[in-house]
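Listed here are the chains, written in short residue letters.
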Amino acid sequence: PLPVSAEYLIDGVSNDNIIYDGLEHSVSAYFINEAGAKVNLDVALGKGETSVDSLVGAGEYNASIINFVDANYDLGESATKMLTVSKAEQSTFSINSASTWDFGTSYTATTNGGSGTGAVSFEVDEEYGAFEGAILTIKKAGTITITATKASDDNYNSAVATLELVVSKSELTIVIKDMVATYLDELTFVYETEGGDIPSGVEGVKVLIDGVEYNGETLEASTTPYQISIDVTNAISHATCTTAVDL
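Caption draft 1: Looking closely at the sheet that holds strand E13 (residues 107-108). Reading across the sheet, the three strands line up as E13-E17-E16 and stay open at both edges, with antiparallel pairing between neighbours. At either margin of the open sheet sits one strand with a lone partner, and together these are E13 and strand E16 (129-132). Summarising the sheet, E16 and strand E17 (residues 135-138) pair through four bridges and their orientation is antiparallel. The residue bridging Ala130 from the neighbouring strand is Thr137, located in E17.

Below you can see the structure in the form of structure tokens.
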């Protein structure tokens, strides 16, 4: 028999690899005989162990020529062909958010777009925060880059989106109260923020007497008031705040 090669067509076009688009695609085949005429062939399709009628989802399909009986021609290895439907890229995928946020408030990330059934996960630089599901606990003010990933599924590749979230420092209001000062004795007092104590993680708290940092030294008698102030300068989470009273 004369060796010939089967030509496979997807939707009438010579092809062995298409990209998933959610549609069904037909497969046909033919060969050219010795006289130059096209001879159509019957094709059977299988995906794994399952017989299918067309190319539908992403994956590899086995195409085989069937019902071909002709002693004059030999299709050889072309009697079977591997056809591929490649995974598609997802539609535009993005993170929904306002561009600014305040330190100390909770932030819930949401996304828009994407394709398929892949789950969405979020990541952030651990220096700035941590995600539990879609809820972000912010550890530090500044510009935070959030990354969202929508996982791949049977038909789509994974998709990644990023968002720069500007986290503003919180404002502090400090109240000095219960202040006691006795000549030749140590000064004692209590300070707190309005609504509660200085938040945990707020560093850089200084006590100043007339603008000089106070570390428990004895104050000398004076005919003019001392000015006592609490200064909080914290680059991580809170803006600079100073409150002063006369002693």
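The discussion continues.
Caption draft 2: Spatial organisation of the sheet that holds strand E22 (residues 205-209). The strand order E23-E22-E24-E25 describes an open sheet built from four strands, whose pairing is antiparallel. Lying at the two open borders of the sheet, with one neighbouring strand each, are strand E23 (212-213) and strand E25 (241-246). Summarising the sheet, strand E24 (residues 227-232) and E25 pair through six bridges and their orientation is antiparallel. Residue pairing across strands places Gln227 opposite Asp246, the latter belonging to E25.

Caption draft 3: Structural detail: the nonpolar core. The biggest cluster of nonpolar side chains holds 22 residues, and the ones touching the most others in it are Leu41, Leu55, Ile65, Leu75 and Val85. Excluding anything up to four places from it in sequence, Ile65 contacts Ala6, Tyr8, Ala29, Leu41, Asp42, Val43, Leu75, Ser78 and Ala79. Of all hydrophobic cores here, the second largest spans 20 residues; its members include Phe93, Phe103, Ala141 and Ile146.

Caption draft 4: Representation of the environment of Val52 within the structure. Mapped onto the fold, Val52 is located in strand E7 (residues 50-52). Taking the C-alpha atoms as reference points, Val52 and Asn62, 10 residues apart in sequence, are found 9.8 Å from one another.

Caption draft 5: Quick look at the packing of aromatic side chains. If you walk through the whole model with that rule in mind, you get five aromatic pairs. With centroids separated by 5.5 Å and ring planes inclined at 85 degrees, the aromatic side chains of Tyr20 and Tyr156 adopt a geometry described as edge-to-face. Linking Tyr20 in the loop between strand E4 (17-19) and strand E5 (27-32) with Tyr156 in the loop between strand E18 (142-150) and strand E19 (159-168), this pair joins segments that are 136 residues apart in sequence. Overall, Tyr20 belongs to the buried group, its relative accessible area being 16%. Geometrically, the ring pair formed by Phe31 and Phe68 is edge-to-face, given 5.7 Å between the ring centres and 85 degrees between the ring planes. Of this pair, Phe31 sits in strand E5 while Phe68 sits in the loop between strand E8 (59-66) and strand E9 (73-74), placing them 37 residues apart in sequence. The buried category is assigned to Phe31, whose relative accessible area is 1%. Its relative accessible area of 26% is what places Phe68 among the partly exposed residues. Ring-pair connections join several aromatic residues into one group, and the members of that group are Phe31, Phe68 and Tyr73. One Lys or Arg, Lys38, reaches over the ring of Tyr30 and ends 4.6 Å from the middle of that ring.

Rules used in this analysis
Position numbers for residues start from 1 in each chain and track the written sequence from start to end. The model is predicted, so local features are restricted to residues of pLDDT at least 70 and side-chain atom pairs to those at 80 or more, both for listing and for counting; the totals for chains, interfaces and linings are taken over all residues. Remark: hydrogens and water are excluded; side-chain values derive from all non-hydrogen atoms of the structure. When DSSP finds two or more bridges between a pair of strands, those strands are recorded as paired. What counts as a helix is a DSSP run of H or I of at least four residues, what counts as a strand is a run of E of at least two, and both are numbered from the N terminus. Joining through side-chain atoms within 4.5 Å is the link that ties buried Ala, Val, Leu, Ile, Met, Phe, Trp, Tyr and Cys residues into a set, and such a set is a nonpolar core. Each residue gets one of three labels from its accessible area relative to the maximum for its type: buried under 20%, exposed over 50%, partly exposed in between, using a 1.4 Å probe on protein chains only. Should any heavy atoms of two residues lie within 4.5 Å, those residues are considered in contact. Here a pair means two rings of Phe, Tyr or Trp (six-membered ring of Trp) with centres within 6.5 Å. Their orientation is stacked below 30 degrees between planes, edge-to-face above 60, and tilted elsewhere. Counted as over-ring charges are cases with an Arg CZ or a Lys NZ within 6 Å of the ring centre that also lie within 35 degrees of the ring normal.

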